[in-house]
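# Residue-level structure breakdown
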Amino acid sequence: MSISAFLLFGIQHEPSGYAVLAVSVILGFVVDRDLGKSLLLIGFGIGVIGTISLAADISYGHMVLMGSILLIAVVVPYVVDRFVFKRHIVRFPINTGRRWTTGEYVWLVSVVGLAWLIMPFYFITSGTYLNWPTVHEPSELIRLFIAVNAVGLWDELFFICTAFSLLRHHFVMWQANILQAIIFVSFLWELGYQAWGPFLTTTFALVQGYIFNRTRSLPYVVSVHLVFDCVLWGILVHAHNPDWLPIFVSY
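Let me begin by describing the structure that accompanies this report. (Residues numbered from 1 in each chain as written. Predicted model: local features only at pLDDT ≥ 70, side-chain atom pairs only at ≥ 80, totals over all residues. Heavy atoms only, no water.)

Quick look at helix α9 (residues 218–240) now. With 23 residues, α9 should cover 33 Å at 1.5 Å per step; its first-to-last C-alpha distance of 32 Å lies within 8% of that length. The element α9 is largely enclosed, with a buried count of 17 among its 23 residues. With a side-chain oxygen positioned 3.3 Å from the backbone nitrogen of Y220, the residue opening α9 is S217. (Helix = DSSP H or I, 4+ residues; strand = E, 2+ residues; numbered from the N terminus. Expected span 1.5 Å × (residues − 1). Buried < 20%, exposed > 50% of the residue type's maximum accessible area, 1.4 Å probe, protein only. Polar contact = N/O pair within 3.5 Å; in protein donor to acceptor, adjacent residues only side chain to side chain.)

What follows is about the pattern of salt bridges. This model, assessed by the stated rule, comprises 3 salt bridges. The shortest N-O distance in the salt bridge between D81 and R87 comes to 2.9 Å. Just as D81 is buried, R87 falls in that class too. Among the salt bridges present, the one from E104 reaches R98, with a minimum N-O distance of 2.5 Å. When salt bridges with common partners are traced through the structure, they connect D34, D81 and R87 into a single cluster. (Salt bridge = Lys/Arg side-chain N within 4 Å of Asp/Glu carboxyl O.)

The subject of this paragraph is unusual backbone geometry. Located in the positive-phi region is H88, a residue other than glycine, with phi close to 60°. Within the fold, H88 resides in the loop between α4 (60–84) and α5 (102–126). For L245, which is not glycine, the phi torsion reads 50° and is therefore positive. By the element assignment, L245 lies in the segment after α9.

What follows is the structure, encoded as structure tokens:
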């Protein structure tokens, strides 16, 4: 299943991607019926996402199309898992009743610093910021901000709460985390995190899986992701307009 995501989003070869996806679901049912159900749900999400372009296009039409498809990729597996399969493995834990620890607050702040230090170098020196549209007008800035953060929120809903949770039901933590990271990073590659970006996105995906496994808190993993994405938005704006937001280092 993870390899199918690599083929669909990384290499972008749909025939082999969908073939491997179908075979993985069939083999899942052959090995274990419950595993087959989980792979079917993950495969549905991967498959439906593969029907659209993931290019960073902030035109109104593409934002509506992509938003609709990503919503379907999250809602359908949740509804089927809970009301058809009667398992409720896919959850979006919000009201956990657990207070964030001092270490978790420190990590949240650290993410801002790490993004500020590392991401300008990556985007500017590799030229990958060009995978995102040039923005100048206020409406473009707002749409880019919404798009970056909306996709960040969706990442946690699908890759962590859905794919990782389903895989964790069948595999030990480190195995499930690696498998979800392959899917996560493949998606981000087509989205624009190319060149040597997978070295960064793999680390991020693995850390997010580890944090969710430890905290079981959707608000926390989303907070980590969105503070990162807010910095990312600023970097993209700065890269396209070097005179803007001089708080970032230009390379």
